[in-house]
Amino acid sequence: MSEQAVIQIKGLNKTYPRGFVHRYEALKDVDLSVKKAEIFGFLGPNGAGKTTLIKSILGLLKYDSGSIKLFDKDLDDTDVKNNIGYLPETPNFYSYLTAFEIMKLYARLYNMKDSPHPTSLSEKQSGFRVKHGMTEEGGTQAGLGQGEEDTPSPPPLPSGERNKVRGTVDALIKEKLELVGLIDAIHTRLRAFSKGMLQRLGMAQALINDPELLILDEPMSGLDPIGRAEFKEILRKLRKQGKTIFFSSHIIPDAEELCDHVAVIRTGKIIKIGTVSELVDTGATSVNITAFTPHPTSPTRGEEKISNNIKQLVKNITCNNEQCIFHVNDMEKTNTILSELIKNGFSIIKVEPVRQSLETLISKMIKEQA
Ligand SMILES: Nc1ncnc2c1ncn2[C@@H]1O[C@H](COP(=O)(O)OP(=O)(O)O)[C@@H](O)[C@H]1O
Ligand SMILES: [Mg+2]
């Protein structure tokens, strides 16, 4: 069960019109698979095709060829749509409403009633289509974004229905606002919300129908470091609850500590896919050896105690009176250097591969492919 692919994309291609005759290839043969209860980071620079893929997954955009399965089903399956929570790149909310009111609005769009178990999958109504407008591809990005990022007007409710949205739904709203850390601002108007608070509200909104899959487009951009740390904590909590999270980002360090898998996209093509450690480990090509010098109290600096033999084997050495770090860029020489050091009276403290950060690695990959 844990290996079940929640998102399965095969050979996806998408082009946009460019001028009268040309088409721009925004996605080229994208293959991607996201497992249940994992956090998947979809990383790449601006304009790489992240939003295009996300909108394709959500059925907000028509793609040219390929296939997308969610929970092993087609996108037009109502159960599937109602099991997705979506946070757009720039969520827009009516600023004169309070957090509670906006959540209530979304609960109504999902036609959520009080009892029993308003959030169970079988009871979810076809709210997704209403909520996101299911926009077809427009000629321009602006045209596309607008329909789905603006808050849609709530559909009129029959007067008899109106009073039913109470109790359990209210409790559910509070639970979601609590989860995202907005419970104290529940009755605050959104015009007084900071960017970080709005982003967290967007998250609460995406969670209102208790979806199993969350799709978040650049959820952390524009947040300050504290806001980002808090947001990451929320995502971890959700993963613990068994939710699957697919998020796009151009901020790599966010993904490094959070994601189980990442995919790197550049100009519409996936150039790397794997776990963070798979990616980072393949980038490890050198080693640092730290060792105590033979006579730490002697006034001579550590370097003077190093034989020429060792100096020839390492790239460079940095020492203080107590210890030296030997930078080795040919990993195969590590054992020889270690035995030379021991022979020369050094005590080894640690041997560590020098890993590049995911950020360095990805920017290298992106430059290499340019
Ligand atoms: N509606 C559209 N019409 C034409 N080109 C578009 C449209 N939407 C996006 N593009 C282009 O497709 C490419 C990928 O865009 P997008 O998916 O928004 O990238 P990202 O989200 O990674 O920044 C960009 O070159 C962008 O200009
Ligand atoms: Mg985008």
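Quick notes on the rules
- Note that residues are indexed from 1 along each chain, following the sequence as it is written.
- Each chain is given a letter, starting from A, and each ligand a number, starting from 1, according to the order in which they appear as written.
- Only residues with pLDDT of at least 70 get local features here, since the model is predicted, and only at 80 or more are side-chain atom pairs given and counted; chain-wide, interface and lining totals rely on the full set of residues.
- Structural elements are reduced to axes, namely lines fitted to C-alpha atoms, with helices fitted over the stretch in contact, and the angle between N-to-C directions of any two is expressed from 0 to 180 degrees.
- By definition, any uninterrupted DSSP run of H or I lasting at least four residues is a helix, any uninterrupted run of E lasting at least two residues is a strand, and each is numbered from the N terminus.
- Roughly parallel covers angles under 35 degrees, roughly antiparallel covers those over 145, roughly perpendicular covers 65 to 115, and oblique covers all other angles.
- Handedness of a crossing follows from how the near helix is turned relative to the far one, being left-handed for an anticlockwise turn of less than a right angle and right-handed for a clockwise one.
- Once C-beta atoms have been placed from the backbone, residue pairs whose C-beta atoms lie within 7 Å are recorded as contacts.
- By the convention adopted, Pro, Cys, Tyr, Trp, Phe, Met, Ile, Leu, Val and Ala count as nonpolar, Lys, Arg, Asp and Glu as charged, and the other residues, Gly among them, as polar.
- Think of it this way: DSSP has to see at least two bridges between two strands before they count as a pair.
- Three exposure classes are used, all based on how many other C-beta atoms lie within 10 Å of a residue's own C-beta (placed from the backbone): buried at 20 or more, exposed at 12 or fewer, and partly exposed between those limits.
- What a helix should span is 1.5 Å times the count of its residues minus one.
- Starting at the helix axis, one direction is taken to each C-beta atom, and the arc is that of these directions.

*Asks:* I keep staring at the packing of helix 3 (residues 99-109) against helix 7 (residues 168-179) and nothing clicks. Help me out?
*Replies:* For any two helices packed against each other, one specifies the inter-axial angle together with the distance between the axes. It is the contact of helix 3 with helix 7, at a shortest axis distance of 10 Å, that shows an interaxial angle of 120°. Put simply, helix 3 runs oblique to helix 7. Crossing of helix 3 over helix 7 shows right-handed handedness. On helix 7, the residues touching Ala 99, Phe 100, Met 103, Lys 104 and Ala 107 of helix 3 are Val 169, Ile 173, Lys 176 and Leu 177. For the contact of helix 3 with helix 7, the class distribution of residues is seven nonpolar, no polar and two charged.

*Asks:* Is there a simple way to think about the sheet that holds strand 7 (residues 244-249) in this case?
*Replies:* The strands making up a sheet associate through hydrogen bonds between their backbones, and the pairing can be parallel or antiparallel. Ordered by their spatial adjacency, six strands build an open sheet running 5-6-7-3-8-9, and the pairing between neighbours is mixed. Sheet topology places strand 5 (84-87) and strand 9 (269-275) at the edges, where each strand pairs with a single neighbour. With direction set aside, neighbouring strand axes in the sheet form an average angle of 15°. Examined bridge by bridge, strand 3 (residues 39-43) and strand 8 (residues 261-266) share four bridges and lie parallel to one another. Each residue of the ladder has a partner; that of Gly 41, found in strand 8, is Val 262. Across the sheet, helix 1 (residues 50-57) touches strand 3, strand 6 (213-217), strand 7 and strand 8, and the angle it forms with strand 6 is around 150°. The strands that helix 8 (residues 195-207) touches are strand 5 and strand 6; relative to strand 5, the one it contacts most, it runs at about 160°.

*Asks:* Help me understand the sheet that holds strand 2 (residues 22-35), please; the structure alone is not making it clear to me.
*Replies:* Pairing within the open sheet is antiparallel, and its three strands lie in the order 2-1-4. In the strand order of this sheet, the two ends are held by strand 2 and strand 4 (65-70), each with one partner. Averaged over neighbouring strand pairs, the angle between their axes works out to 20° when direction is ignored. The pairing of strand 1 (residues 5-18) with strand 4 spans five bridges and is classified as antiparallel. Note that in strand 4 the partner of Lys 10 across the bridge is Ser 67.

*Asks:* I keep staring at the pairing of strand 11 (residues 316-319) and nothing clicks. Help me out?
*Replies:* Consecutive residues of a regular strand have side chains that alternate between opposite faces of the sheet. Where strand 11 lies against strand 12 (residues 323-328), four bridges are found, and the strand directions are antiparallel. Looking at strand 12, one finds that Thr 318 is bridged to Ile 325. Once strand 11 ends, the chain turns through three residues before running back antiparallel as strand 12.

*Asks:* Looking at this structure, I do not really get unusual backbone geometry. What am I missing?
*Replies:* For residues other than glycine, phi is negative in most cases, and the peptide bonds are mostly trans. Residues other than glycine seldom take positive phi values, yet Asp 210 does so here, at roughly 50°. Here Asp 210 shows up in the loop between helix 8 and strand 6. Asp 210 gets classed as buried once you count the C-beta atoms within 10 Å, which come to 21. Even without being glycine, Glu 218 reaches a positive phi, approximately 50°. One can find Glu 218 in the loop between strand 6 and helix 9 (225-240).

*Asks:* How do you make sense of helix 9 when you look at a structure like this?
*Replies:* Since there are 3.6 residues in each turn of an α-helix, residues three or four apart along the chain are aligned in direction. Taking 1.5 Å of rise per residue, the 16 residues of helix 9 would be expected to cover 22 Å, and the 23 Å separating its terminal C-alpha atoms lies within 8% of that figure. Phe 231, Leu 235 and Leu 238 are the residues of helix 9 that are buried. All buried residues of helix 9 lie within an arc of 60° about the axis, which places them on one face of the element. Of the exposed residues in helix 9, the ones pointing more than 90 degrees away from its buried face are Pro 225, Ile 226, Glu 233, Lys 237 and Lys 240.

*Asks:* Any chance you could explain the pairing of strand 3 here in plain terms?
*Replies:* Across the five residues of strand 3, five count as buried, placing the element largely inside the fold. Side chains Ile 39, Gly 41 and Leu 43 of strand 3 all project onto a buried face; the interleaved residues Phe 40 and Phe 42 project onto the opposite face, where all are buried too. Pairing of strand 3 with strand 7 involves five bridges; the strand directions are parallel. Bridge pairing links Phe 40 to Phe 246 in strand 7.

Any link to function would need more than the numbers given here.
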